[in-house]
Amino acid sequence: MYRLSQYLTDAFSRRFSRAVRENYQQDEAYASTPQGRFWLAVAIVSLLLLPLVLPSYPLFVATQILVAALAGLGLHLLVGGAGQISLGQAAFVGVGAYVSSHLTGDLAPLGILMGGLVAAMIGMVLGISSLRIKGAYLAIGTLAFQFLADYIFRRWTEFTGGVAGRKLPPEDTFLGLPLTDDRVIFYMGLAFAIPLFFYAKRLLSTRAGRGWFAVRDNDLSAQLSGVDLMRSKLTAFALSAFYAGIAGGILIHLIGVVTPENFVLFFSIQYLALVIVGGAGTVLGAVFGAFFIVLIPEVLSVLAAAFGPQYVAQLSAWRSVVFGGLILMFLILEPRGLVGLWGRIRDYFRTWPLPY
Amino acid sequence: MARVLLEASGLYLSFKGVKALVDVNFKVAEGDLFAVIGPNGAGKTSLLNVLSGLYRPQQGQVVFLGEDLAGQTPQQRVRKGLGRTFQNLELFRGMTVLDNVKLGAELATGGYTDLTPQTRIEWKIRRQAEEVLDYLHLAPYRHVPAGALPYGLQKRVEVARALAGRPQLLLLDEPMAGLSLEEKQDLARFLLDARREWNTTLVLVEHDLKAVLELSTGVLVMSYGEVLYHGLPSGVRENQRVAEAYLGRSA
């Protein structure tokens, strides 16, 4: 009987509690426990299987989440990491989108990559302004960039197609696969997103991340600890824009047409909301935040349709109200965002049923 | 006489007529525990700021390891082995204790390009950080955000962060201010340990005269930017000018 109880306790703690870490290596690795590795594998495999089970429209939404998560992750590195605020993330998404709209067909992945790189270069230039100004002033500076980019998107017709935008070739294929198929686009997005997510996670827990956090918390002290402020800020801006550019490239393949309306200030603010709701400075926060901002409008439109057609007309107004309310709620009730909420839930079940 | 690490000569610093430093000269030899004391507003912190490069003196020069530091940024000075802690805590409050110390340790292990993480160097940084954490008895708090710790521990984390970079010379701005007696004793012991173990030379700004006189090997007494006394701690109490500055002139 004693043996049995001992076995059960052991099995229970092995399965549900965090395994004891025996050395520094285990302490630093993500998914260091068997359970953690298991869930990571499950997550990746289910992502890979998703297009095979989901019908067309939900897959479209899933790809939207993926795009939002990528662009949001970039902003996470900048806002939650280096503590620099930016209201121009949508403009960088736009840059990535327009650049990659010029390289399609078999060159599509190269185009997406190029979009990211061009966005990164512009981001670095914008980052120079952060060396002189901080906080609200920087926010205004990036806001100016957002408007400037919007103006260029509308007026530089040779490159952007102006207000009408640029359409992708309708019968586009990548190595024989139809690029109009949402499943192909989803896989292409994943091929970019998964490495980029692991990379971001790794960066945040190594030198670059420490430098960014130090700049965020106390830039004077960071300098006196040997952190190169300029380099830290510029890499944060460049990487943030790179992630946004990649997201833009995937986005245009998803919607098939690039118009300036997809990159206006509203979306920049939405990305910022994504960061706050998700929980600034964490990789998981970007995923949660992306689910949140993409799914809320979907849920609302389903609800509106369920209540009756007369509500559908007011949908966009209600969407903004609900959106704003939820963001306020998060700021007041859970400043650490959905990640904080998730951590609390996980801790509750990890110690259940013996919390003390 | 051991090798001279740091030498300041003829330092003048004034802020629009307020004279913060007037002709300050001193030398710190390797292995010293050099204390700078003086009443409020004596210019002690200004002196440290000049040494670490936050202020630029109007005259005079600072020589560290035989090299004139004029025109070098604070970062360059830190990288050369001139560490610094602050009077009012300047920790990275949102980072864990371990990350704070690791950031300091990067100085000693040498950096690498930020965007290509290298596991081997990361482990080196981690080991070095853990060594310092062990030394300062901070290991139980390594995953706690630094801002959540009590004041005494935060002070200790700041010392740990500076020590993790293995500075040759560490400038400490009132490390014991606001600590309880026990915490002061602990910190003093840690500092002496660091000096013995890693051969770190210490320059200490301090108000606690008793601690200074017991610990230090050399003292600089300042008042209104002027040097009143420079020499062994045993001579401080007998010095007439120091007594006047601290206690006032007898009627």
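Keep in mind it's a predicted model, so treat the numbers as computed, not measured. (Residues numbered from 1 in each chain as written. Chains lettered and ligands numbered in written order. Predicted model: local features only at pLDDT ≥ 70, side-chain atom pairs only at ≥ 80, totals over all residues.)

Novice: Whenever I open this one, the overall build of chain A confuses me. Can you help?
Specialist: Scanning chain A for helices and strands turns up 17 helices and four strands. A compact globule built from 356 residues would reach a C-alpha radius of gyration of about 21 Å, and chain A, at 22 Å, matches this within 12%. When the 356 residues of chain A are sorted by exposure, 40% land in the buried category. Within chain A, residue pairs in contact and separated by at least 24 positions form 74% of the contacts whose partners lie at least 6 positions apart. (Helix = DSSP H or I, 4+ residues; strand = E, 2+ residues; numbered from the N terminus. Rg over C-alpha atoms; globule rule 2.2 N^0.38 Å. Buried ≥ 20, exposed ≤ 12 C-beta atoms within 10 Å, placed from the backbone. Contact = placed C-beta atoms within 7 Å.)

Novice: How do you make sense of the nonpolar core when you look at a structure like this?
Specialist: Where a protein is soluble and globular, its nonpolar side chains tend to be buried together. Core analysis: the biggest nonpolar cluster contains 154 residues, and Leu70, Ala71, Tyr243 and Ala247 of chain A together with Ala160 of chain B have the highest contact counts within it. The element contributing the most residues to this core is helix H12 (residues 229–255) of chain A, with 14 residues. The residues that make up this core include at least three from each of domain 1 (1–81 + 167–251) and domain 2 (90–166) of chain B. With residues near it in sequence (within four places) discarded, Ala247 of chain A still touches Val67, Leu70, Ala71, Val93 and Gly96 of chain A. (Core = buried A, V, L, I, M, F, W, Y, C linked by C-beta atoms within 7 Å. Domains from an automatic or database assignment.)

Novice: Looking at this structure, how should I read the interface of chain B and chain A?
Specialist: Frequently, the measure chosen for interface size is the accessible area that the parts lose on association. Residue-level contacts link 27 residues of chain B with 22 residues of chain A. Mapped by element, the contributors of at least two residues to the side of chain B that touches chain A are helix H2 (74–79), helix H3 (97–109) and helix H4 (119–135) of chain B. Looking at the side of chain B that touches chain A, the element that brings in the most residues is H3 of chain B, giving six residues. When its residues are assigned to classes, the side of chain B that touches chain A shows nine nonpolar, six polar and twelve charged. (Nonpolar A, V, L, I, M, F, W, Y, C, P; charged D, E, K, R; others polar.)

Novice: I'm lost on the sheet that holds strand S2 (residues 18–29) of chain B in this one. Help?
Specialist: All names here are of chain B. Within the open sheet, the four strands sit side by side as S2-S1-S4-S5. Their pairing is antiparallel. Of all strands in the sheet, those bounded by a partner on one side alone are S2 and strand S5 (67–68). In the sheet, strand S1 (residues 4–15) pairs with strand S4 (residues 59–64) via five bridges, with the strands oriented antiparallel. Of the residues in S4, the one forming a bridge with Ser9 is Gln61. The sheet strands contacting helix H1 (residues 44–52) are S1, S2 and S4, and the helix crosses S2 at an angle near 65 degrees. (Pairing = 2+ DSSP bridges. Axes fitted to C-alpha atoms, helices over the stretch in contact; angles between N-to-C directions.)

Novice: Please explain the pairing of strand S3 (residues 33–37) of chain B as it appears in this structure.
Specialist: Residues and elements named next belong to chain B. Most of S3 sits out of view: five of its five residues are buried. Residues Leu33, Ala35 and Ile37 of S3 are buried on one face, and the alternating residues Phe34 and Val36, pointing to the opposite face, are buried as well. With four bridges joining them, S3 and strand S8 (residues 201–205) adopt parallel strand pairing. Among the inter-strand pairings, Phe34 is bridged to a residue of S8, identified as Val203.

Novice: What is the right way to look at the sheet that holds S3 of chain B in this model?
Specialist: Backbone hydrogen bonds are what pair the strands of a sheet, in a parallel or an antiparallel way. All names here are of chain B. Taken in spatial order, the six strands make up an open sheet running S6-S7-S8-S3-S9-S10, and their pairing is mixed. Every interior strand has two partners, whereas the edge strands, strand S6 (82–85) and strand S10 (226–231), have only one. Taking each pair of neighbouring strands and ignoring which way they run, the sheet shows an average axis angle of 15 degrees. With four bridges joining them, S6 and strand S7 (residues 169–173) adopt parallel strand pairing. Bridging from a neighbouring strand, Gly83 pairs with Leu170 of S7. Strands S6 and S7 of the sheet are contacted by helix H5 (residues 151–164), whose axis makes an angle of about 170 degrees with S6.

Novice: For this particular structure, what's the right way to read the packing of H3 of chain B against H5 of chain B?
Specialist: All names here are of chain B. Viewed as axis vectors pointing N to C, H3 and H5 meet at an angle of 25 degrees, and their least axial separation amounts to 6 Å. Considering the angle they form, H3 stands roughly parallel to H5. Every residue of H5 that contacts H3 at Val97, Asn100, Val101, Leu103, Gly104, Ala105 and Ala108 is listed here: Val157, Ala160, Arg161, Ala162 and Ala164. Classifying every residue of the contact of H3 with H5 gives nine nonpolar, two polar and one charged. (Parallel < 35°, antiparallel > 145°, perpendicular 65-115°, else oblique.)

Novice: Would you take a moment to explain the confidence of the model for chain B for this structure?
Specialist: Interpretation of this model should avoid reading the predicted coordinates in detail wherever pLDDT is low. Here chain B averages 83 in pLDDT, while 96% of its residues score no lower than 70. Across the interfaces of the predicted complex, the ipTM metric reaches 0.81, alongside a pTM of 0.84. (pLDDT = per-residue confidence, 0-100.)

Novice: Please clarify how H12 of chain A should be interpreted in this entry.
Specialist: Working note: α-helix, 3.6 residues per turn, so residues spaced by three or four point in the same direction. The end-to-end C-alpha distance of H12 of chain A, which contains 27 residues, comes to 39 Å, matching closely the 39 Å that a straight helix rising 1.5 Å per residue would cover. A positive backbone phi angle near 80 degrees is found at Gly256 of chain A, which sits one or two residues after H12 of chain A. (Expected span 1.5 Å × (residues − 1).)

Novice: Explanation requested: the pairing of S8 of chain B in the structure shown.
Specialist: Where a strand is regular, its side chains alternate between the two sheet faces. Residues and elements named next belong to chain B. For S8, a buried count of five out of five residues is recorded, marking the element as mostly surrounded by other parts of the structure. With five bridges joining them, S7 and S8 adopt parallel strand pairing. Bridge pairing in S8 links Leu169 to Thr201. The parallel pair S7 and S8, bridged by helix H6 (residues 181–198), forms a crossover whose chirality is right-handed. (Right-handed = clockwise from strand over helix to strand, strands pointing away.)

Novice: Looking at this structure, how should I read the domain arrangement of chain B?
Specialist: All names here are of chain B. Looking at the assigned domains, one finds that chain B contains domain 1 (1–81 + 167–251) and domain 2 (90–166). Taken over C-alpha atoms, the centre of domain 1 sits 25 Å from the centre of domain 2. With 15 residues of domain 1 in contact, the opposing surface of domain 2 contributes twelve residues. At the level of elements, H2 and H6 are the ones that each hand at least two residues to the side of domain 1 that touches domain 2. It is H6 that provides the largest number of residues to the side of domain 1 that touches domain 2, a total of six residues.

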